[in-house]
Amino acid sequence: MDTKSLVKLAKSLSDPTRLRLLQEIAKGEIAVCADLFQYVPISQPSMSQHLKALSEAGLIASHKEGRNMHMSINAEKLQELEDFLQLLKPATVKA
């Protein structure tokens with residue numbers, strides 16, 4: 001994962017509202033943007049901005065079906081983040 005992508009990802013995860021949205025999307029029960037309002041009571045423009053930030057960071061994928069925006073977690077991006085975090089772990093010293 002390059003530094004620029006990592007910074008964008010970290011910034012998107014630094015907001016409590018975005019973390020909550022990501023948690024709800026990750027449950028897999030919610031696929032439609034409109035359903036998220038019951039968990040995160042914010043205005044529609046705010047919701048759009050938060051989802052845009054998550055999408056631009058690559059954390060969620062979305063597609064439009066009619067009037068509904070369907071979302072899902074981007075497992076590949078989460079794996080990249082997990083791999084990066086694993087690199088930060090100190091090596092275990094064997095005695």
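These notes cover the structure that comes with them. This one's a predicted model, so the numbers in the text were calculated from it and none came from an experiment. (Residues numbered from 1 in each chain as written. Predicted model: local features only at pLDDT ≥ 70, side-chain atom pairs only at ≥ 80, totals over all residues. Heavy atoms only, no water.)

Regarding its fold elements, the chain presents four helices and two strands. Put simply, the chain runs from its N terminus to its C terminus through helices and strands in the order α-α-α-β-β-α. In terms of its C-alpha atoms, the chain occupies a principal-axis envelope of roughly 60 × 25 × 20 Å. A separation threshold of at least 6 residues defines the contact pool for the chain, and within that pool the share at least 24 residues apart is 51%. Carbon and sulfur atoms make up 54% of the accessible area of the chain, which totals about 6600 Å². Each charge sign in the chain was given a centre, from 12 positive and 11 negative side chains, and these centres are 6 Å apart. (Helix = DSSP H or I, 4+ residues; strand = E, 2+ residues; numbered from the N terminus. Contact = heavy atoms within 4.5 Å. Areas by Shrake-Rupley, 256 points an atom, 1.4 Å probe, with all protein chains shown as cover. Lys, Arg positive; Asp, Glu negative; His and termini not counted. Charge placed at Lys NZ, Arg CZ, Asp CG, Glu CD.)

Attention now goes to the packing of helix 2 (residues 16-26) against helix 3 (residues 44-56). At a minimum axis separation of 10 Å, helix 2 and helix 3 run at an interaxial angle of 75 degrees. One finds that helix 2 runs roughly perpendicular with respect to helix 3. Judged by residue contacts, T17, R18, L21, L22 and I25 of helix 2 engage M47, H50, L51, A53 and L54 from helix 3. When the residues that make up the contact of helix 2 with helix 3 are grouped by side-chain class, the tally is seven nonpolar, two polar and one charged. (Axes fitted to C-alpha atoms, helices over the stretch in contact; angles between N-to-C directions. Parallel < 35°, antiparallel > 145°, perpendicular 65-115°, else oblique. Nonpolar A, V, L, I, M, F, W, Y, C, P; charged D, E, K, R; others polar.)

The next point concerns the pattern of salt bridges. By the definition in use, this model includes four salt bridges. We note a salt bridge from K52 to E56, for which the minimum N-O separation is 3.9 Å. Of this pair, K52 and E56 both sit in helix 3, four residues apart, which is roughly one turn of that helix. Residue classification places K52 among the partly exposed positions, given a relative accessible area of 44%. Assessed through its relative accessible area of 48%, E56 is described here as partly exposed. For E80, the salt bridge identified is with K77, shortest N-O distance 3.6 Å. Taken as a pair, E80 and K77 lie in helix 4 (residues 75-88) at a separation of three residues, close to a single helical turn. Taken together, the shared-partner salt bridges connect R20, E24 and K27 into one network. (Salt bridge = Lys/Arg side-chain N within 4 Å of Asp/Glu carboxyl O. Buried < 20%, exposed > 50% of the residue type's maximum accessible area, 1.4 Å probe, protein only.)

Okay, the pairing of strand 1 (residues 60-65) next. Judged from the six bridges that link them, strand 1 and strand 2 (residues 68-73) form a sheet pairing that is antiparallel. Bridging across to strand 2, K64 finds its partner in M69. (Pairing = 2+ DSSP bridges.)

Moving on to the nonpolar core. Of all hydrophobic cores here, the largest spans 16 residues; its most connected members are L21, L36, L51, L54, I60 and M71. Sorting the residues of this core by element identifies helix 1 (3-13), helix 2 and helix 3 as the ones contributing at least two each. (Core = buried A, V, L, I, M, F, W, Y, C linked by side-chain atoms within 4.5 Å.)

Keep in mind these numbers describe shape, not what the thing actually does.
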